[in-house]
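One-letter residues, chain by chain:
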Amino acid sequence: SLLTAKEIRIAGVFGHRWHNWEQALALLASGKFDFSKIVTNRYPLENWQLGFDEMRAQKGLKILLIPED
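Since this is a predicted model, take the numbers as computed values, not measurements.

Engineer: For this particular structure, what's the right way to read the overall build of the protein?
Structural biologist: In terms of helices and strands, the protein carries three helices and two strands. When the elements of the protein are put in sequence order from the N terminus, they spell out α-α-β-α-β. At a minimum sequence separation of 6, the contacts of the protein that also span at least 24 residues come to 7%. Surface exposure of the protein reaches about 6,600 Å², of which carbon and sulfur atoms provide 58%.

Engineer: Whenever I open this one, the side chain of asparagine 41 confuses me. Can you help?
Structural biologist: Turning to its location among the elements, asparagine 41 is positioned in strand E1 (residues 39–44). Not counting residues up to four positions away in its chain, the partners in contact with asparagine 41 are Glu54, Lys59, Gly60, Lys62, Ile63 and Leu64.

Engineer: Please clarify how the side chain of glutamate 54 should be interpreted in this entry.
Structural biologist: In this structure, glutamate 54 sits in helix H3 (residues 48–56). Buried within the structure, glutamate 54 lacks any salt-bridge partner; lysine 59 is the closest side chain of opposite charge, at an N-O distance of 6.1 Å. Each residue touching glutamate 54, except ones within four places of it in the same chain, is listed here: Asn41, Tyr43, Lys59, Gly60 and Ile63.

Engineer: For this particular structure, what's the right way to read the environment of lysine 62?
Structural biologist: Relative to the helices and strands, lysine 62 is located in strand E2 (residues 62–66). Placed 24 residues apart in sequence, lysine 62 and isoleucine 38 show a C-alpha to C-alpha distance of 6.0 Å. Excluding its chain neighbours within four sequence positions, the residues that come into contact with lysine 62 are Ile38, Val39, Thr40 and Asn41.

Criteria and thresholds
Residues numbered from 1 in each chain as written. Predicted model: local features only at pLDDT ≥ 70, side-chain atom pairs only at ≥ 80, totals over all residues. Heavy atoms only, no water. Helix = DSSP H or I, 4+ residues; strand = E, 2+ residues; numbered from the N terminus. Contact = heavy atoms within 4.5 Å. Areas by Shrake-Rupley, 256 points an atom, 1.4 Å probe, with all protein chains shown as cover. Buried < 20%, exposed > 50% of the residue type's maximum accessible area, 1.4 Å probe, protein only. Lys, Arg positive; Asp, Glu negative; His and termini not counted. Salt bridge = Lys/Arg side-chain N within 4 Å of Asp/Glu carboxyl O.

Coordinates in, geometry out; function isn't part of it.
In structure tokens, the structure reads:
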């Protein structure tokens, strides 16, 4: 795969620091990356338990909980 051939490393974290938020917001604003491609599941907020269960089971990369109007 491309990841192996180019020896690309992907790391994730749970937590945040303000500097990381600033970098992430700048990347998002730049339009250089389509973040929608990393969203694997979307659920209404009322189904939060399902989203958390999938996160714990590592069944998705990014799971969004969408509040409804």
